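Remarks on the overall topology
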Amino acid sequence: MAEIKKLNLAIIGQGRSGRNIHGKYYISDDNIYYNVRYVVENDAALREEALTRYPGCEVLSDYKGLFDKKDIDLVVNSTYSETHYNITKEFLEHKFNVLVEKPMARNRYECKDLIKTAKDNDVVLSVFQQTFYAPYYQYIKEKIESGIFGKIEQISIRFSGFARRWDWQTLQKKLAGNAYNTGPHPIGIAYGLLDFDKAAKVVYSRLAKTELSSGDAEDYVKMLISAPNKPLVDIEISSADAFSNYNVKIQGSKGGLKATAEKCEVKYIKDGENTERSVIFESMKDENGVPAYCKDNLIIHEESTEFTGTAFDVGTATLYKELYFKLTEGKKMYIEPENATMIVGAIEQLHAENPLPLIY
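An account of the accompanying structure is given in this report. (Residues numbered from 1 in each chain as written. Predicted model: local features only at pLDDT ≥ 70, side-chain atom pairs only at ≥ 80, totals over all residues. Heavy atoms only, no water.)

**Looking at the layout of surface pockets**
To locate leftover empty space, one rolls a probe as large as a water molecule over the atoms. The condition is simple: The way it works is a 1 Å grid over only the protein atoms, where trapped points that fit a 1.4 Å probe form a cavity and open points with protein on both sides within 12 Å along at least five of seven lines form a pocket, and then any residue with an atom within 4 Å of a point lines it. Grid points are joined across faces, edges and corners, and a volume is the space filled by probe spheres set on the points. To qualify as a helix, a DSSP run of H or I must reach at least 4 residues; to qualify as a strand, a run of E must reach at least 2; elements of each kind are numbered from the N terminus. Classification used: nonpolar for Ala, Val, Leu, Ile, Met, Phe, Trp, Tyr, Cys and Pro, charged for Asp, Glu, Lys and Arg, polar for all others including Gly.
Of the voids in this model, the second largest pocket is the one considered here, and its volume is about 330 Å³. Surrounding the second largest pocket, 16 residues form its lining, R108, K198, E338, T341 and M342 being those nearest its centre. Elements supplying a minimum of two residues to the lining of the second largest pocket: α4 (108-120), β8 (201-208) and α9 (337-353). Looking at the lining of the second largest pocket element by element, the count peaks at 7 residues for α9. Here the lining of the second largest pocket is composed, by residue class, of 7 nonpolar, 4 polar and 5 charged.

**Brief notes about the packing of aromatic side chains**
Put simply, the test is: Aromatic pairs are defined between Phe, Tyr and Trp rings, using the six-membered ring for Trp, whenever the two ring centres lie within 6.5 Å; interplanar angles under 30 degrees are classed as stacked, those over 60 as edge-to-face, and all others as tilted. Accessibility here uses a 1.4 Å probe with only protein chains present; expressed as a share of the type maximum, an area under 20% marks a residue as buried, one over 50% as exposed, and anything in between as partly exposed.
Here the structure, examined in full by the defined rule, presents 23 aromatic pairs. A ring pair is formed by F67 and F91, whose centres lie 5.0 Å apart and whose planes are at 65°; its orientation type is edge-to-face. Within this pair, whereas F67 is found in the loop between β3 (58-60) and β4 (74-77), its partner F91 is found in helix α3 (residues 84-93), the two being separated by 24 residues in sequence. Given a relative accessible area of 17%, F67 falls into the buried group.

**Concerning the side chain of K174**
Defined as follows: A 3.5 Å cut-off defines polar contacts: any pair of N or O atoms within that distance qualifies, except that in protein one atom must be a possible hydrogen donor and the other a possible acceptor, and neighbouring residues in sequence count only when both atoms are side-chain atoms. Two residues form a contact once any of their heavy atoms are found within 4.5 Å.
Relative to the helices and strands, K174 resides in the loop between β7 (152-158) and α6 (178-181). Reaching out from K174, the side chain makes a polar contact with the side chain of E82 at a distance of 2.8 Å. In this structure, K174 is in contact with Y80, S81, E82 and W168, ignoring residues within four places of it in sequence.

**Section: the pattern of salt bridges**
Stated precisely, the cut-off is as follows: Should a side-chain nitrogen of Lys or Arg be within 4 Å of a carboxyl oxygen of Asp or Glu, the pair is scored as a salt bridge.
Enumeration over the complete set of coordinates arrives at 25 salt bridges. Among the salt bridges present, the one from K89 reaches E93, with a minimum N-O distance of 3.6 Å. Note that K89 and E93 are positioned in helix α3 at a spacing of 4 residues, about one turn of the helix. A salt bridge links K116 to D120; the shortest N-O distance between them is 2.7 Å. On the criterion of helical spacing, the pair formed by K116 and D120 is a turn pair, its members being 4 residues apart in helix α4.

**Examining helix α8 (residues 311-329)**
Here α8 has its buried residues at A311, G315, T316, A317, L319, Y320, L323, Y324 and K326. Tucked inside the fold, the buried residues of α8 contact β1 (7-12), α1 (16-26), β2 (34-40), β4, β5 (98-101) and β6 (125-128). Once α8 ends, the next one or two residues include G330, with phi positive near 75°.

**Some words on the sheet that holds β4**
Operational definition: A pair of strands is considered paired only if DSSP assigns at least 2 bridges between the two. Note on geometry: axes are C-alpha line fits, over the in-contact stretch for helices, and angles between N-to-C directions span 0 to 180 degrees.
Within the open sheet, the 6 strands sit side by side as β3-β2-β1-β4-β5-β6. Their pairing is parallel. Either end of the sheet is taken by a strand with one partner, and the two such strands are β3 and β6. Averaged over all adjacent pairs, the angle separating strand axes in this sheet is 25°, with direction ignored. By the bridge criterion, 6 bridges tie β1 to β2 in an arrangement that is parallel.

Here it is in structure tokens:
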């Protein structure tokens, strides 16, 4: 293989995502594609740490200081959610390629405006939706496409738990709450498993602010997504679920699966292995003539798979690899900004249909 020429990268923000997800990738053995040239961070201590963490980088306190730099191949926008749109737009207008953290923006208009701005300035816009590259998502997608589950009636997606939050991710003014913060992952999975069908619609939605979390943003999300001739998708993102034990569950006419990011259990039947049953119009009786219920001993096949890696390591590394070849060779990525726009559109609808009081 030809030697990889590294691209120079500037990252804005060294918070939980910028430092612990993106930054972790930059200093890993998986990163053979990028050189961290600039780090922008408001916090002086984190700027100082960055000098050691990313040898050879230059640190800045204001992202506008990057505008006149000529040696940047990619800007990574890992700032607060409410600034994603404005900062990304500024860099696109200055003709920089940009990878923006999720959520891409606050609504469809802003997403489409960023796509148009990138096109007008002949630069690349990408969105950090790394869950699509996680081993468990890829495995589920493969199993569905294999057809072993027959006609799938429902896909259930749960990104829930039982925990409190009291940081900025509980404030509506910060574009926070479970829908904007966690939502791009499960809602993205939903649209991905529906093949990003443009006819898919949110047919039911509910947001709630429970007494568990602080702030004024929702910590409970419920939504149903439907598309013609596709499974119904039931999504829950709750901080008040004390018994959540899966992320994705499939119900099909020939079987299904239950998966977390770490493990997947599959059950299915095969055509021809189980005796066909004709409908009986009279009451059923057993061999002794006693009224009986239907009872069957299906031949069921079971599989169990454990995954190596998650969205936060394998997913991140795969997305950055794809992005490298998009930047250098123009190759299409698995997830493009148009896909992320559908996801943001669903979140926008959630909030439009379920407005919560703005307290802070």
